[in-house]
Amino acid sequence: MPAVTSQTIRLVSGLVLFAFAATHFLNHAVGLFSLEAMDEVQEWRLIVTRSWPGMIVLAAALLVHAALAVTKTIQRGTWRLPAWELIQLATGFAIPALLLPHVVDTHVAHALFGVQDGYLYALALLWPNAAWVQTALLLLVWTHGCVGLHRWLKVRSCYRLALPLLIILAVAVPMAALMGFVVSGRAVAALLSDPAMAERMREVTHWPSELDAKWLGLLKMSAWIAVAALLVAGATIIVFRHVALLAAPKVAIAFPGGTTVQAPIGPTLLDSIRSNDLSDRSECGGRARCGLCRVRIEKGAETLSAPGRAERAVLASLAAPENVRLACQIRPTAPLTVTPLVGGGDMPTLVAAPGDGPGERRTVCLVDVRVRAFAIIAGDRLASDLAFIMNEIFGAIGAAVDANAGRIDRFLGDGVLAVFGEQQEPDQACRDALQAVSAMDLAMDRVNEKIAAEIGRPVELAIGAHVSDTVVGRLSLGRMTQVAVLGLGTEQPARMAQLADARGWQLVVSDDVATRAGWGDLTGMVRETLAGAEGGGAQDVIGVSRARDISVVTGAAQSASG
């Protein structure tokens, strides 16, 4: 079960409110059939929503969700936000201004003056003069809820399967609700055009008296004033807080390429990245869900507080090393040196993204990963089954590469070629590569728990790692462009993977990779000389039986056994 935090409370309260809104809008849609049907469905809803438990849950969800949203907004360290977060904020703060008067006219009128606030009363009150207010409120609530649900579910794989149906529902529900509102509103207006019917309606619904209407008007005005006062107070606090942040003590945050920014103490590292207009790929709004704001802490990790439960869960799912943290969850209080692991390639103020020009020569570490006995695994298996199996395998490999500042350069049918060092120095690239292959080996244990029985044998990898001077460039393939590594050195890791397969090892690394990664003692390692390929001489390599046996300590000597 998730930990009880302000984030989970905000999520649960939002889900309660969205469920109420969705059923209310579907009740509107019943107006396409008849006004009587609308009231019959509403009676069933009111059994829940007008019961004491229902009213307590709804009121608590509304107050808690609003309070937590205001608190989070006030605590923001920057206002350079993606479009979806701005939409969430705008709709979230516009809803109370339209919702509270509607609540006063219906629920409060029922509670204080005995008004029967069914659809007959509500439609007579709203149609046609206030129809635009109800329409705007419906669209604001639905947009706010759908954006929040989308961002919450987007990181879940099952959501992608259901997305086409959910998109249809996201469009169909408000359209049906608005059409039901229009049809039933016109029907009520036609009924009330008869003075006798209008008088009968007032009797049936216990229409508020002139004095009652004045009290309701006063309550609505009070609600508007309260909302405006809260918005002004919140805006004032935000302004003073940001002024205080400008005067607050600063800490230096160093990024790759020599760029250093001065960040105030208090906001998260993600806030500081956004404040300095450095690109990021975070998609969850700093809620520790997507894991796309990962950074490797090169220096200063000891000054950070320990990761919370949500952050630990995300990092564990990505098999991230101990020195990797989520930028949205850490608040620097001392100087840090960090390397963005996902969005770093898009930070134009730090370093140019590889391949932006015609080509750039760089020394990178290339890792070729092949699936052993691929022909046996594929066999005459159904296409859908093979695709599922390979997705599981490539998903584990890709997560390990991504978690260690690497990039999948290309798929090879039975494997992948990964590249490390496009944004780091070669020594760090070799350490990242070895951390990645160690994580792959461990991740394959979890994969085999799922699919080994299905294919009748555990999946095994053959991996080759080589550091080489290559060209990183952007290739044009028709209308598609792709960043790729080029050069004769790109074939070496494939030959090493073939050697690993032939010798029964899991990993073969070149001597140069071992040296750059900082392995202190190579005595006792299985050594071999790989015959030279076209354009190159013989290569001294090291065989490792299990990649997980490599012990990599960033910035210090490494050792391996195999």
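Parameters and conventions
- Residues numbered from 1 in each chain as written.
- Predicted model: local features only at pLDDT ≥ 70, side-chain atom pairs only at ≥ 80, totals over all residues.
- Heavy atoms only, no water.
- Core = buried A, V, L, I, M, F, W, Y, C linked by side-chain atoms within 4.5 Å.
- Buried < 20%, exposed > 50% of the residue type's maximum accessible area, 1.4 Å probe, protein only.
- Helix = DSSP H or I, 4+ residues; strand = E, 2+ residues; numbered from the N terminus.
- Contact = heavy atoms within 4.5 Å.
- Phe/Tyr/Trp six-rings, centres within 6.5 Å; stacked < 30°, edge-to-face > 60°.
- Axes fitted to C-alpha atoms, helices over the stretch in contact; angles between N-to-C directions.
- Parallel < 35°, antiparallel > 145°, perpendicular 65-115°, else oblique.
- Left-handed = near helix turned anticlockwise from the far one by under 90°.
- Nonpolar A, V, L, I, M, F, W, Y, C, P; charged D, E, K, R; others polar.

Caption draft 1: Region of the structure containing the nonpolar core. Ranked by internal contacts, the top residues of the largest apolar core, which has 44 residues, are Val367, Ile393, Ile397, Phe420, Val437, Met440 and Trp519. At the level of elements, β6 (360-371), α13 (383-403), β8 (415-420), α14 (426-455), β9 (461-477), β11 (507-510), α16 (511-517) and β13 (539-544) are the ones that each hand at least two residues to this core. Take this core: its biggest share by element is 13 residues, from α14. Ignoring anything within four residues of it in the chain, the contact list for Val437 reads Val367, Ile463, Leu507, Ala547 and Ile550. In this structure, Ile253, Ala327, Leu336 and Ala405 belong to the second largest nonpolar core, which totals 26 residues.

Caption draft 2: Summary view of the packing of aromatic side chains. Scanning the model with the defined rule gives five aromatic pairs in all. Here the aromatic rings of Trp127 and Phe181 are separated by 5.6 Å at their centres, their planes lie at 80°, and the arrangement is edge-to-face. Of this pair, Trp127 sits in the loop between α5 (119-126) and α6 (131-153) while Phe181 sits in helix α7 (residues 157-192), and the two are 54 residues apart along the sequence. Residue Phe181 is classed as buried on the basis of its relative accessible area, which comes to 5%. Aromatic ring contacts, followed pair by pair, group Phe18, Phe25 and Trp142 into a single cluster.

Caption draft 3: Main features of the packing of helix α1 (residues 6-29) against helix α3 (residues 52-74). Interaxial distance between α1 and α3 falls to 8 Å at its minimum, and their mutual angle equals 130°. Relative to α3, α1 is oriented oblique. For the pair α1 and α3, the crossing hand works out as left-handed. Along its contact with α1, which presents Ser6, Ile9, Arg10, Ser13, Gly14, Val16, Leu17 and Phe20, the element α3 presents Val57, Leu58, Ala61, Leu62, Val64, His65, Leu68, Ala69 and Lys72. Broken down by class, the residue content of the contact of α1 with α3 amounts to eleven nonpolar, four polar and two charged.

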